[in-house]
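Notes for the structure review
Single-letter residue listing:
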Amino acid sequence: MKKNIAKGIITPLPVLIIATYNEDGTPDAMNAAWGGQCGPKHIALNLSPKHVTTENIIRTNAFTVSFADKKNLAASDYVGLVSAKDEKNKLEKAGLHTVKSEFVDAPVIEEYPLTIECKVVSVKDELGETRIVGEIVNTLADESIIGEDGAVDIGKIEALVFDASAHFYRVVGEKVGNAFRDGMALK
């Protein structure tokens, strides 16, 4: 028997670490679950207009998106708990290190194995949030997560997903099927 539940649940939600530069040039990052790929070359984020990261993205027209992983769970959660308004060097305090992106005016966090570099193509305020769409200009993948076929092996990342229903982090891992092939048996 099914029950009515008051809130909407879309799962899994990737735990995205959005990195930017503050006005003074210090790197900043936040943890965001409300975002994802919205086409082959674009990422969409829905962020509060009150976040320093949102202000930074609008000012610099650039950001990077890293995928939080099991190894960096505490640091990933921390950058979502603490505002750059209160802690200017929160990445340093979290034990995270950055280098400047070669392609956009944003930092790349070295500890995360997969990072997407984006330039802003659209900013729109709606429904009390700021919707930011970035064009993917480069993807950086650590060699440790690249499979034998040369593609990124998501299972090797141990990427975190946010369980919005229970407020847990979970890990992506096991391969259970083949996209665009397993359903062919039903044709």
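With that out of the way, let us pick up the environment of lysine 156. Along the chain, lysine 156 falls in helix 4 (residues 154-157). Taking relative accessible area as the criterion, lysine 156 reaches 44% and is therefore assigned partly exposed. Residues lysine 156 and lysine 187, 31 residues apart in the sequence, show an inter-C-alpha distance of 32 Å. Contacts of lysine 156, omitting those with residues within four sequence positions, involve Ser144, Ile145, Ile146 and Gly147.

Another point: the sheet that holds strand 5 (residues 42-47). Pairing within the open sheet is antiparallel, and its seven strands lie in the order 3-2-6-9-10-5-4. One side of each edge strand has no neighbouring strand; the edge strands of this open sheet are strand 3 (27-32) and strand 4 (35-39). Ignoring which end each strand starts from, the neighbouring axes of this sheet average 35 degrees apart. In this sheet, strand 10 (residues 129-141) lies alongside strand 9 (residues 114-126) in antiparallel orientation, the contact comprising 12 bridges. Looking at the pairing, isoleucine 116 lines up with threonine 139 of strand 10. Against the sheet, helix 1 (residues 52-60) touches strand 2 (16-21), strand 3, strand 5, strand 6 (62-67), strand 9 and strand 10, its axis set at about 55 degrees to strand 2. Contacts between helix 2 (residues 73-81) and the sheet are confined to strand 2 and strand 3, with strand 3 contributing the most and set at about 95 degrees to the helix.

Let us look at helix 1. Along helix 1, the residues classified as buried are Val52, Thr53, Thr54, Asn56, Ile57 and Thr60. Along its buried surface, helix 1 packs onto strand 2, strand 3, strand 5, strand 6, strand 9 and strand 10.

Taken together, the side chains of Ile146, Val152 and Ile154 make up a nonpolar region of the molecular surface, amounting to roughly 200 Å² of accessible area. As for its placement among the helices and strands, valine 152 is situated in the loop between strand 10 and helix 4. The class of valine 152 is partly exposed, set by a relative accessible area of 34%.

What follows deals with the nonpolar core. Counting 19 residues, the largest nonpolar core has Ile17, Val79, Leu96 and Ile109 as the members making the most contacts within it. Elements that contribute at least two residues to this core include exactly strand 2, helix 2, helix 3 (90-94) and strand 11 (160-163). With three residues, helix 2 is the largest single contributor of residues to this core. Isoleucine 109 has contacts with Ile17, Ala19, Ala29, Leu91, Leu96, His97, Thr98 and Thr115, leaving out every residue within four places of it along the chain.

Moving on, we come to the layout of surface pockets. What the largest pocket holds in volume is close to 480 Å³. Lining the largest pocket are 28 residues, with Met30, Asn31, Ala32, His51 and Gly80 positioned closest to its centre. Among the secondary structure elements, those contributing two or more residues to the lining of the largest pocket are strand 3, strand 5, helix 1, helix 2 and strand 12 (168-171). Sort the elements by how many residues they give to the lining of the largest pocket and strand 3 lands first, with five residues. Tallied by class, the residues present in the lining of the largest pocket amount to 15 nonpolar, eight polar and five charged.

About the criteria used
Residues numbered from 1 in each chain as written. Predicted model: local features only at pLDDT ≥ 70, side-chain atom pairs only at ≥ 80, totals over all residues. Heavy atoms only, no water. Helix = DSSP H or I, 4+ residues; strand = E, 2+ residues; numbered from the N terminus. Buried < 20%, exposed > 50% of the residue type's maximum accessible area, 1.4 Å probe, protein only. Contact = heavy atoms within 4.5 Å. Pairing = 2+ DSSP bridges. Axes fitted to C-alpha atoms, helices over the stretch in contact; angles between N-to-C directions. Patch = residues over 30% accessible without salt bridge, like charges linked within 9 Å, V, L, I, M, F, W, Y side chains within 5 Å. Areas by Shrake-Rupley, 256 points an atom, 1.4 Å probe, with all protein chains shown as cover. Salt bridge = Lys/Arg side-chain N within 4 Å of Asp/Glu carboxyl O. Core = buried A, V, L, I, M, F, W, Y, C linked by side-chain atoms within 4.5 Å. 1 Å grid on protein atoms, 1.4 Å probe; cavity = no way out; pocket = protein on both sides within 12 Å on 5 of 7 lines; lining within 4 Å. Points joined across faces, edges and corners; volume = space filled by probe spheres on them. Nonpolar A, V, L, I, M, F, W, Y, C, P; charged D, E, K, R; others polar.

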